[in-house]
Amino acid sequence: MLEFSNLIKVEPTCGDNSKFYKFIADSFSYVSQLTSDDGSSYWNCDKTIVIDRPDESVRKFFSIERNAIVTIRRSDRTEIRIGTRDIPARVQISSNLTSSNLIIKCKMLRDPLL
């Protein structure tokens, strides 16, 4: 089983390309699944991760789905990128009282864990 760092980096693909967001997550596991649909296959990389509650401006920005590239790091410092510039992940934040959910929706043509 792969171990992941609890630091998640989200880079929106629209607007200012130098802007990115970092979130602290609770412990999580991540597994992408090969899925076939209408004659084609893709890797389903959907995941909801519990994160510390970000600032209000960040919550407001991600209150609707945004195109982004999500980067998570394994314990051996290998970076795993979910989404690409061509096929970005859709990212949204749903907030609770003390924490938030980082909702990632992404279909990829190759397994991001390889």
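Just so it is clear, the structure is predicted and the values come from calculations on it, not from any experiment.

Got a minute to help me understand the sheet that holds strand 3 (residues 33-37) in this structure?
Two strands in a sheet stick together by hydrogen bonds in their backbones, pointing the same way (parallel) or opposite ways (antiparallel). The strand order across the open sheet built from three strands is 3-4-10, with neighbouring strands paired in antiparallel fashion. Single-partner strands in this sheet number two, and they are strand 3 and strand 10 (107-108). Looking at chain direction, strand 4 (residues 40-44) and strand 10 are connected through two bridges and run antiparallel. Looking across to strand 10, one finds that Asn 44 is bridged to Lys 107.

What should I look at first to understand the layout of surface pockets in this one?
Once rolled over the atoms, a probe with the size of a water molecule shows which space is left empty. The calculated volume of the largest pocket comes to roughly 170 Å³. Ser 5, Leu 7, Ile 8, Lys 9, Glu 11, Lys 22, Thr 71, Ile 72, Arg 73, Glu 79 and Arg 81 together form the lining of the largest pocket. Elements supplying a minimum of two residues to the lining of the largest pocket: strand 1 (4-12), strand 6 (66-74) and strand 7 (79-82). The element best represented in the lining of the largest pocket is strand 1, accounting for five residues. Grouping the amino acids of the lining of the largest pocket by side-chain chemistry returns three nonpolar, two polar and six charged.

What exactly am I supposed to notice about unusual backbone geometry here?
Residues apart from glycine generally show negative phi values, whereas peptide bonds are mostly found in trans. Non-glycine residue Arg 77 carries a positive phi angle of around 70°. As for its position among the elements, Arg 77 is in the loop between strand 6 and strand 7. Judged by relative accessible area, Arg 77 falls into the exposed class, the value being 68%.

Mind showing me how you'd approach the environment of Leu 114 here?
Within the fold, Leu 114 resides in the segment after strand 10. In this structure Leu 114 comes out as exposed when scored by relative accessible area, which is 82%.

Can you help me understand the environment of Ser 94 in this one?
Inspection of the secondary structure assignment puts Ser 94 in strand 8 (residues 89-95). Looking at Ser 94, the relative accessible area reads 31%, which means it is partly exposed. Counting along the chain gives 72 residues from Ser 94 to Lys 22, while the straight-line C-alpha distance between them is 16 Å. Setting aside residues up to four positions removed in sequence, Ser 94 forms contacts with Ser 100, Asn 101 and Ile 103.

What exactly am I supposed to notice about the packing of aromatic side chains here?
For any pair of aromatic rings, geometry is given as the distance between the ring centres together with the angle between the planes. For the coordinates displayed, the defined rule picks out four aromatic pairs. Arranged with centres 5.2 Å apart and planes meeting at 80°, the rings of Tyr 21 and Phe 62 form a pair that is edge-to-face. Of the two residues, Tyr 21 sits in strand 2 (residues 21-24) while Phe 62 sits in the loop between helix 1 (56-61) and strand 6, which places them 41 residues apart along the sequence. Of the aromatic side chains, those joined through ring pairs into one cluster are Tyr 21, Phe 23, Phe 61 and Phe 62. Note that Arg 66 overlies the ring of Phe 61, its terminal NZ or CZ placed 4.1 Å from the centroid.

Calculation rules
- Residues numbered from 1 in each chain as written.
- Predicted model: local features only at pLDDT ≥ 70, side-chain atom pairs only at ≥ 80, totals over all residues.
- Heavy atoms only, no water.
- Pairing = 2+ DSSP bridges.
- Helix = DSSP H or I, 4+ residues; strand = E, 2+ residues; numbered from the N terminus.
- 1 Å grid on protein atoms, 1.4 Å probe; cavity = no way out; pocket = protein on both sides within 12 Å on 5 of 7 lines; lining within 4 Å.
- Points joined across faces, edges and corners; volume = space filled by probe spheres on them.
- Nonpolar A, V, L, I, M, F, W, Y, C, P; charged D, E, K, R; others polar.
- Buried < 20%, exposed > 50% of the residue type's maximum accessible area, 1.4 Å probe, protein only.
- Contact = heavy atoms within 4.5 Å.
- Phe/Tyr/Trp six-rings, centres within 6.5 Å; stacked < 30°, edge-to-face > 60°.
- Lys NZ or Arg CZ within 6 Å of the ring centre and 35° of its normal.

Interpretation note: all reported values are geometric properties and have no functional meaning in isolation.
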